[in-house]
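Overview (structure and organization)
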Amino acid sequence: MIQVPVVEVKDLDLVYVTDREALLALEGLNLSVHPGEFISLVGPSGCGKTTLLSVIAGLLPPSRGEILVHGKPVSGPSPEVGYMMQQDYLFPWRTILDNALLGLELTGRLSKSSKEAVLELLEGMGLGNTGNLYPYQLSGGMRQRVALVRTLATNPDLLLLDEPFSALDYQTKLQLEDLVVDTLRQRGKTGVLVTHDLSEAIAVSDRVIVLAAKPGRIRSTYAIPDNIARAQPFYAREEAGFNDLFHEIWQDLESLEEKEE
Ligand code: ADP
Ligand code: MG
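These figures come from a predicted structure and were not determined experimentally.

Counting residues in hydrophobic clusters, the biggest one holds 30 residues, and the most contacted among them are Val118, Leu122, Val149, Leu152 and Leu161. Counting only elements with at least two residues in this core, the list comes to helix 2 (96-100), helix 4 (112-124), helix 5 (140-153), strand 7 (158-162) and helix 6 (170-186). Looking at which element gives the most residues to this core, the answer is helix 5, with six residues. If you count residues domain by domain, this core takes at least three from each of domain 1 (7-80 + 156-260) and domain 2 (88-154). Contact partners of Val149, with chain neighbours within four places excluded, come to Ala100, Val118, Leu121, Leu122 and Met125. Membership of the second largest hydrophobic core comes to 29 residues, among which are Leu31, Leu53, Val55 and Val192.

Quick look at the structure:
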């Protein structure tokens, strides 16, 4: 059976036009992500990782080329695609529960049963007693979990995650990596993660894609061996082959930085 990719990026160019200049942020990008796959994008700062997620999310129209989600051209944001940005963007004046329900509200799908599902998600993420609290009363890790619940609440097939763990302390980050990967696997979701943490990228992904800058393009793709890809992220780092792969990709990234100088 031939499966339609969840995401297809075809010959994508993205140009940012400002008063003073036109910046070619992405050039000639091709990428397919398959159902249930989890991939990571790594590369130097400014290489276009966030731009690529925004194009896939339908927030930025391609300057050239095409983006398909489930085989259909993307023409704007859609409830099939969940986008979790680097900052948690919780509204300080809304309670945790009301923040988590926001996506459902905005898409007109708030009902007794969808609200119940969100309460269960909060519970499952260890946030069971926080519904009536406000964001300032929660730790950074808890707020990121609320943002994740909000992203999952609308039940998107595809999750786009832009450095969701980068502001967290190391222990919280490891716990959240496990939680996110478990949650997406259990629900059969497809994921695209942007991270600047190479060990995280290898630990959580089926594939790691290295982007080069100026203009942003794919430099290389690494398939993660099954033993590492299947292990829980926390244990993946101890699997055979992890360190060798880390060093191989690290050198790839280092040679990119050198070229920039
Ligand atoms: P990354 O997420 O990999 O750090 P970005 O996608 O944020 O990179 O940015 C890619 C390039 O596009 C950078 O050179 C950045 O300065 C530029 N850029 C990003 N957003 C805009 C924008 N709204 N207008 C103009 N240039 C932008
Ligand atoms: Mg970015």
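Our focus in this paragraph is the layout of surface pockets. Looking at the largest pocket, its volume works out to about 630 Å³. Every residue lining the largest pocket is counted, 22 residues in all, and those nearest its centre are Val81, Gly82, Tyr83, Gly103 and Arg150. Looking at the lining of the largest pocket, the elements with two or more residues in it are strand 6 (81-84), helix 3 (102-106) and helix 5. The biggest single contributor to the lining of the largest pocket is strand 6, with four residues. Residue-level mapping places the lining of the largest pocket at the junction of two domains, with at least three residues from each of domain 1 (7-80 + 156-260) and domain 2 (88-154). Taken as a whole, the second largest pocket spans an internal volume of roughly 330 Å³. For the lining of the second largest pocket, the leading source of residues is helix 10 (residues 242-260), giving four residues. Residue composition of the lining of the second largest pocket, grouped by class: seven nonpolar, nine polar and five charged.

Right, let's talk about the site of ligand 1 for a bit. Around ligand 1, the neighbouring residues are Tyr16, Leu23, Ala25, Ser45, Gly46, Cys47, Gly48, Lys49, Thr50 and Thr51. Tyr16 is positioned with one of its side-chain polar atoms (N or O) 3.5 Å from a nitrogen atom of ligand 1. Here an oxygen atom of ligand 1 and a backbone polar atom of Lys49 are 2.9 Å apart. Protein contact buries 59% of the 570 Å² of open area that ligand 1 shows by itself. Looking at the shell around ligand 1 residue by residue, the class counts come to four nonpolar, five polar and one charged.

With 14 residues, helix 5 extends 20 Å between its outermost C-alpha atoms, agreeing within 8% with the 20 Å of an ideal straight helix rising 1.5 Å per residue. The element helix 5 is largely enclosed, with a buried count of 11 among its 14 residues. If you check which residues of helix 5 are buried, you get Gly141, Gln144, Arg145, Val146, Ala147, Leu148, Val149, Arg150, Thr151, Leu152 and Ala153. As for helix 5, its buried residues are in contact with strand 6, helix 2, helix 3, helix 4, strand 7 and helix 6. Just beyond helix 5, the residue with positive phi is Asn155, at close to 60°.

Rules used throughout
Residues numbered from 1 in each chain as written. Chains lettered and ligands numbered in written order. Predicted model: local features only at pLDDT ≥ 70, side-chain atom pairs only at ≥ 80, totals over all residues. Heavy atoms only, no water. Core = buried A, V, L, I, M, F, W, Y, C linked by side-chain atoms within 4.5 Å. Buried < 20%, exposed > 50% of the residue type's maximum accessible area, 1.4 Å probe, protein only. Helix = DSSP H or I, 4+ residues; strand = E, 2+ residues; numbered from the N terminus. Domains from an automatic or database assignment. Contact = heavy atoms within 4.5 Å. 1 Å grid on protein atoms, 1.4 Å probe; cavity = no way out; pocket = protein on both sides within 12 Å on 5 of 7 lines; lining within 4 Å. Points joined across faces, edges and corners; volume = space filled by probe spheres on them. Nonpolar A, V, L, I, M, F, W, Y, C, P; charged D, E, K, R; others polar. Near = heavy atom within 4 Å. Polar contact = N/O pair within 3.5 Å; in protein donor to acceptor, adjacent residues only side chain to side chain. Areas by Shrake-Rupley, 256 points an atom, 1.4 Å probe, with all protein chains shown as cover. Expected span 1.5 Å × (residues − 1).

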